[in-house]
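Listed below, chain by chain, are the residues.
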Amino acid sequence: MASREVTPEEIAMIDELVKKAHAAQKILETYDQARIDRLCQAVAAAVCDMKVWAKLSDEAVDETALGSKASKRNKRNKIKLILRDCLRQKSVGIIEELPEKGIVKYAKPAGVIASLVPTTNPCLTPAGQVVYAIKARDAIVCSPHPRAKNVTNKCINIIRETLKREGAPEDIIQGIPLPSIAASIELMKRCDLTIATGGRPMVKSAYSTGVPAYGSGAGNATVIIDDTCDTPERQHEAAENTMISKTSDYGSGCSCDGNLVIHESIYENIVKELVNVGAYLANEEEAEKLKKVMWDENGHRLPNTVAISPQKLALTAGFEIPEDRKFIAVTGGGINDIGKTHFFSSEKLTTLLALFKYEGEFENALDMMRKIFEVGGKGHSCGLYSFSEDHINRLGMAAPVSRIMIRQPNNRGNSGSAWNGMPPTSSMGCGTWGGNIVSENITLKHYMNTTWVARPMPKDMPSNEELFGDFNKPDMDEE
């Protein structure tokens, strides 16, 4: 990732932050499970208080000009879910015993974590990560996005004050006051672990520092609606799920629905329901105008239309839509046009949804899904509205993604929900498909080292006949 040279002043600042973080972590490492859990509750409560979180939400939108103030308020629920999972797990001493294998596992801290905070979640990311970090007995140094540095550091300071009141080192969490790419790279080089949540260039930079790193990949969330969505009630639910996912924080999240692949038998009904729940259907001329303000001629996403309201998106493109419309839907630049030259089949990151129609057998939907992920978003997420176990299983087998949501909003479900079993997080690994080391949500286990203690057990080695089957030879063990 190209950046200017780091300055001596920045190096001194980073050195001081990391030094203080190590000192704080060494103290945190001595706490027992009860005190660790109390600290997790204290910091989560401090930011989850709606009187605090509402102000942070408003300031985040005002500073970044991204997203919706109402949607950002709802994101505090993720912190509650993270706290819920943390309180249900052990992180000090023995955390798991497998007597049948003679194995006992002990948790150890990862150390000092460098966190790269995205501009789309300037408060949720540090607030959620610090709960996991404290639970794992780590310290964390955050590098805010320069466009969100004030509100991110304000959130961090609220947490620091809470730690101080609880008699814990406030340097368990710190933030770079004047962040830059150069400063972020220096921070990553000096910490024990990096968690990079954000754009692909910064994630690649994290992987190149020589320090262990967890990264997240780009999204292009695609939902298939099959022919089992065949009643008015199901069609309304499917459309409402998409509306919830598409409109969250004005579509800024990687998990927000980007593409619907709809069976021909229900296509018209689903389109009507999408309109009923808030869609504006762009005509061909309006779609062309939208394309010009969302992408350059090479298909690179233009920043000024990211995470804005549908009304503002339409105005930027040169037309107006009613105030009650919640998102804009287009027919993908042609009902079946998918590919790198068809920009509507790529990631949108705003209040725009592309509609595609598939005909006949479910395999045709799978083919369209595969083509969409060849355009972008491989490794991230997919969804399916279906009551067919066969279709669910076939998508699970075929989709090159790390997470698939069935009959629920992608944006709400992917990163953990009270209505599913996904581990709560704000950082989602996308496997080797998305250039990441893990294909799962980044949660508590990724913030810890684990020591395995193995006691002797009865010999467990099958005979050669059992092991090699038809390939066994009587003299295999002889020279």
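Small disclaimer: the values here were computed from a predicted structure and weren't measured.

Peer 1: For this particular structure, what's the right way to read the pairing of strand E6 (residues 193–196)?
Peer 2: A regular strand places its side chains on the two faces of the sheet in alternate fashion. Burial along E6 is two-sided: Leu193 and Ile195 facing one way and Thr194 and Ala196 facing the other are all buried. In the sheet, strand E3 (residues 112–116) pairs with E6 via four bridges, with the strands oriented parallel. By the bridge assignment, Ile113 is partnered in E6 with Leu193. In this sheet, strand E7 (residues 213–215) lies alongside E6 in parallel orientation, the contact comprising three bridges. Looking across to E7, one finds that Ala196 is bridged to Gly215.

Peer 1: Which parts of the structure should I look at to understand the sheet that holds strand E14 (residues 401–406)?
Peer 2: Think of a sheet as strands paired side by side through backbone hydrogen bonds, with each pair either parallel or antiparallel. Strand order in this open sheet of seven strands is E10-E11-E12-E9-E8-E13-E14, and the pairing throughout is parallel. Sheet topology places strand E10 (279–281) and E14 at the edges, where each strand pairs with a single neighbour. When strand polarity is set aside, the average angle formed by the axes of neighbouring strands in this sheet is 25°. Pairing of strand E11 (residues 327–330) with strand E12 (residues 352–358) involves three bridges; the strand directions are parallel. In the strand pairing of E12, Ala329 is matched with Leu353. Strands in contact with helix H11 (residues 267–276) are strand E8 (222–225), strand E9 (259–263), E10, E11 and E12; relative to E12, the strand with the most contacts, it is inclined by about 165°. Those strands touched by helix H15 (residues 389–398) are E8, strand E13 (379–385) and E14, and its axis lies near 170° from that of E13.

Peer 1: What is the right way to read the packing of aromatic side chains from this model?
Peer 2: Pairs of aromatic rings are described using the distance from one ring centre to the other and the angle between the two planes. All told, the structure shown has five aromatic pairs when counted by the stated rule. With centroids separated by 5.4 Å and ring planes inclined at 85°, the aromatic side chains of Trp295 and Phe344 adopt a geometry described as edge-to-face. Of this pair, Trp295 sits in the loop between helix H12 (284–294) and helix H13 (310–317) while Phe344 sits in the loop between E11 and E12, placing them 49 residues apart in sequence. Each member of the pair, Trp295 as well as Phe344, carries the same accessibility label: buried. By the ring-pair criterion, three or more aromatic residues cluster together here, those being Trp295, Phe343 and Phe344. Taking NZ or CZ as reference, Arg301 lies 5.9 Å from the ring centre of Trp295, over its face. Over the ring of Phe387 we find Arg407, and its NZ or CZ is 4.4 Å from the ring centre.

Cut-off values and rules
Residues numbered from 1 in each chain as written. Predicted model: local features only at pLDDT ≥ 70, side-chain atom pairs only at ≥ 80, totals over all residues. Heavy atoms only, no water. Buried < 20%, exposed > 50% of the residue type's maximum accessible area, 1.4 Å probe, protein only. Helix = DSSP H or I, 4+ residues; strand = E, 2+ residues; numbered from the N terminus. Pairing = 2+ DSSP bridges. Axes fitted to C-alpha atoms, helices over the stretch in contact; angles between N-to-C directions. Contact = heavy atoms within 4.5 Å. Phe/Tyr/Trp six-rings, centres within 6.5 Å; stacked < 30°, edge-to-face > 60°. Lys NZ or Arg CZ within 6 Å of the ring centre and 35° of its normal.

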